[in-house]
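Architecture at a glance
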Amino acid sequence: MVAGPSVDRHHWVPRSKGGRAAEPMHTVCHRKIHSVLDERSLARDYDTPEKLRAHPEIARFLVWLRGKPPTFTSRHRSARRRR
């Protein structure tokens with residue numbers, strides 16, 4: 001990652017669910033995560049990098065993202081909240 005607009009902070013457990021710990025994350029990855037998963041699912045089932053990488057849609061996205069430069073940014077579709 002390159003410091004600047006291509007980096008966000010991601011809370012592994014959403015703040016609304018009591019999470020405090022946050023780490024830098026590529027903006028595109030952060031947006032993708034929140035477009036695929038709701039806060040309840042993040043807190044309950046996807047609170048670690050390993051668990052997120054195992055999610056089928058996130059895994060496909062990461063394969064696609066590998067060829068992009070570190071400063072790559074892009075918009076995603078509107079959030080699709082799943083329960």
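Right above here is the structure, for reference.
In short, a report on the structure. The shown structure was predicted, so the numbers you read here are calculated from the model rather than taken from an experiment.

Of the regular secondary structure elements, the protein chain holds four helices and two strands. Here the protein chain holds 83 residues, and the buried ones make up 34% of them. Taking as baseline every contact in the protein chain between residues at least 6 positions apart, the subset at least 24 positions apart corresponds to 49%. Accessible surface computed for the protein chain: about 5600 Å², of which carbon and sulfur atoms make up 51%.

All right, on to the packing of aromatic side chains then. Following the criterion strictly, the structure yields one aromatic pair and no others. Both rings, one in Phe61 and one in Trp64, keep their centres 5.7 Å apart while their planes meet at 35°; by these two values the pair is tilted. On the criterion of helical spacing, the pair formed by Phe61 and Trp64 is a turn pair, its members being three residues apart in helix α4 (residues 56-65). You can call Phe61 buried: its relative accessible area is 8%.

Attention now moves to the environment of Arg9. For Arg9, the position within the fold is in strand β1 (residues 7-11). In this structure Arg9 comes out as exposed when scored by relative accessible area, which is 53%. Remark: the alpha-carbon pair of Arg9 and Glu23, spanning 14 residues in sequence, is separated by 5.3 Å. Residues within four places of Arg9 in sequence aside, it is in contact with Ala22, Glu23, Pro24 and His30. In this structure the side chain of Arg9 is engaged in a polar contact, spanning 3.3 Å, whose partner is the backbone oxygen of Ala22.

As a further point, take the pattern of salt bridges. Counting across every chain of the model gives three salt bridges. A salt bridge links Lys51 to Asp47; its shortest N-O distance comes to 3.0 Å. On the accessibility criterion, Lys51 (37% relative accessible area) is partly exposed. Here Asp47 falls in the partly exposed class, since its relative accessible area comes to 25%.

Let us now look at helix α1 (residues 27-36). Burial runs high along α1: eight of the ten residues are buried. Along α1, the positions that sit buried rather than exposed are Thr27, Val28, Cys29, His30, Lys32, Ile33, Ser35 and Val36. Looking at the buried positions of α1, the neighbouring elements they touch are β1, β2 (22-26), α2 (39-45), α3 (49-54) and α4.

Conventions used here
- Residues numbered from 1 in each chain as written.
- Predicted model: local features only at pLDDT ≥ 70, side-chain atom pairs only at ≥ 80, totals over all residues.
- Heavy atoms only, no water.
- Helix = DSSP H or I, 4+ residues; strand = E, 2+ residues; numbered from the N terminus.
- Buried < 20%, exposed > 50% of the residue type's maximum accessible area, 1.4 Å probe, protein only.
- Contact = heavy atoms within 4.5 Å.
- Areas by Shrake-Rupley, 256 points an atom, 1.4 Å probe, with all protein chains shown as cover.
- Phe/Tyr/Trp six-rings, centres within 6.5 Å; stacked < 30°, edge-to-face > 60°.
- Polar contact = N/O pair within 3.5 Å; in protein donor to acceptor, adjacent residues only side chain to side chain.
- Salt bridge = Lys/Arg side-chain N within 4 Å of Asp/Glu carboxyl O.

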